[in-house]
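# Observations on the three-dimensional arrangement
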Amino acid sequence: MNYWLMKSEPDEVSVDDAFAAPRHTVPWTGVRNYQARNFMRDQMRVGDGVLFYHSSCAEPGIVGIAEVASTPYPDPTQFDRKSPWYDAASKPDAPRWLLVDVKVLEKTRNLTLPELREDPALADLVVLRKGNRLSITPVEARHWRHLLKKLGASSA
DNA sequence: GCCAACGTTGGC
DNA sequence: GCCAACGTTGGC
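Residues numbered from 1 in each chain as written. Chains lettered and ligands numbered in written order. Predicted model: local features only at pLDDT ≥ 70, side-chain atom pairs only at ≥ 80, totals over all residues. Heavy atoms only, no water.

## Considering the UniProt feature "domain: EVE" (unreviewed entry) in chain A
Feature annotation in UniProt assigns "domain: EVE" (unreviewed entry) to the following positions: residues 2-149. The span residues 2-149 is 21% helical and 29% strand by assignment, and the distance between its end C-alpha atoms comes to 17 Å. (UniProt positions renumbered as here; feature names shortened; annotations may be inferred. Helix = DSSP H or I, 4+ residues; strand = E, 2+ residues; numbered from the N terminus.)

As structure tokens, then:
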């Protein structure tokens with residue numbers, strides 16, 4: 001069992017949007033970074049824990065507990081000419097971009113970025129590292145436990 | 001394979 | 001809108 005933090009822009013897909021979707025599940029479309037793709041392709045397993053994070057918004061922070069809900073499969077938006085994530089260089093018989101489905105288990109309060117930064121127990125959380133821009137980052141088990149306790153999450 | 005130029009992310 | 005940090009591209 002691995003744990004992850006996955007960023008979504010709430011203007012695109014918020015935790016409310018994801019929770020309102022059928023089975024509380026959304027395909028994690030639009031990742032166009034190889035390192036993030038590789039996490040989904042090579043390391044994620046169904047049932048892995050996910051922290052749902054809102055980025056590029058007024059109050060960035062962790063807003064929900066989720067889980068990996070599928071094995072990896074090709075991101076359909078890469079083949080859609082009208083999609084902002086269209087990739088002309090990716091061919092259907094050799095898809096460049098894969099994704100997984102993510103199921104929201106529980107919405108939480110917004111554990112904001114400033115709160116995360118001021119907690120010494122989270123000092124080396126990957127997403128807080130200087131200059132980090134990865135939209136998917138691994139979370140250590142001790143950080144996961146600490147964060148779930150902090151959130152009072154029932155999905156622990 | 002190097003690296004400068006350019007593009008993107010994302011907090012502020 | 002600014003800009004630091006980082007990833008990607010492409011000429012050589």
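## Considering the protein's contact with DNA strand C
Near DNA strand C the following residues occur: Asn33, Tyr34, Lys130, Gly131 and Arg133. Within 4 Å of the protein, the contacting atoms of DNA strand C are drawn from sugar and phosphate to the extent of 72%. In the model, a phosphate oxygen of DNA strand C is placed 2.6 Å from a nitrogen or oxygen of the Lys130 side chain. Between DNA strand C and Arg133 there is a distance of 2.6 Å, counted from a base oxygen to a side-chain nitrogen or oxygen. Residue composition of the surface near DNA strand C, grouped by class: one nonpolar, two polar and two charged. (Near = heavy atom within 4 Å. Polar contact = N/O pair within 3.5 Å; in protein donor to acceptor, adjacent residues only side chain to side chain. Nonpolar A, V, L, I, M, F, W, Y, C, P; charged D, E, K, R; others polar.)

## Some points on the environment of Val127
Checked against the element boundaries, Val127 lands in the loop between helix 3 (113-118) and strand 8 (136-139). With 112 residues separating them along the chain, Val127 and Val15 place their C-alpha atoms 18 Å apart.

## As for the protein's contact with DNA strand B
In the neighbourhood of DNA strand B, the contacting residues comprise Lys7, Tyr53, Ser55, Ser56, Pro60, Leu113, Arg133 and Leu134. Close to the protein, within 4 Å, the atoms of DNA strand B belong to sugar or phosphate groups at a rate of 74%. Note that a phosphate oxygen of DNA strand B is positioned 2.8 Å from one of the side-chain N or O atoms of Lys7. At 2.9 Å from a phosphate oxygen of DNA strand B is found a main-chain nitrogen or oxygen belonging to Ser56. Classifying every residue of the surface near DNA strand B gives four nonpolar, two polar and two charged.

## Some thoughts on the side chain of His143
Assignment of secondary structure puts His143 in helix 4 (residues 141-151). In this structure the side chain of His143 is engaged in a polar contact, spanning 3.1 Å, whose partner is the side chain of Asp124. Contacts of His143, omitting those with residues within four sequence positions, involve Ala121, Leu122, Asp124 and Leu125. (Contact = heavy atoms within 4.5 Å.)

## Some thoughts on helix 4
By the burial criterion, the buried members of helix 4 are His143, Trp144, Leu147, Leu148 and Leu151. The arc that holds every buried residue of helix 4, seen down its axis, measures 130°, which confines them to one face. Those residues of helix 4 that are exposed and aimed more than 90 degrees away from the buried face are Arg145 and Lys149. In this fold, the buried residues of helix 4 make contact with strand 1 (3-8), strand 3 (49-54), strand 4 (61-68), strand 7 (101-112), helix 3 and strand 8. Backbone geometry just downstream of helix 4 places Gly152 in the positive-phi region, at approximately 60°. (Buried < 20%, exposed > 50% of the residue type's maximum accessible area, 1.4 Å probe, protein only. Arc of directions from axis to C-beta.)

## As for helix 2 (residues 34-43)
Turning to helix 2, its buried residues are Ala36, Arg37, Phe39 and Met40. Relative to the axis of helix 2, the buried residues are bounded by an arc of 155° and lie together on one face. The inward-facing, buried residues of helix 2 contact strand 1, strand 6 (98-99) and strand 8.

## Focus: the pattern of salt bridges
Should their charged atoms come close, side chains of opposite charge can pair. Across all of its chains, the model carries eight salt bridges by this definition. One salt bridge in this structure joins Asp119 and Lys150, with 2.6 Å as the shortest N-O distance. Linking Asp119 in the loop between helix 3 and strand 8 with Lys150 in helix 4, this pair joins segments that are 31 residues apart in sequence. Asp119 gets classed as buried once you look at its relative accessible area, which sits at 9%. Residue Lys150 is classed as partly exposed on the basis of its relative accessible area of 32%. A salt bridge links Arg142 to Asp124; the shortest N-O distance between them is 3.0 Å. A residue pair is termed long-range when its members are at least 10 positions apart, and Arg142 in helix 4 and Asp124 in the loop between helix 3 and strand 8 qualify at 18 residues. By relative accessible area, Asp124 is classed as partly exposed at 35%. (Salt bridge = Lys/Arg side-chain N within 4 Å of Asp/Glu carboxyl O.)

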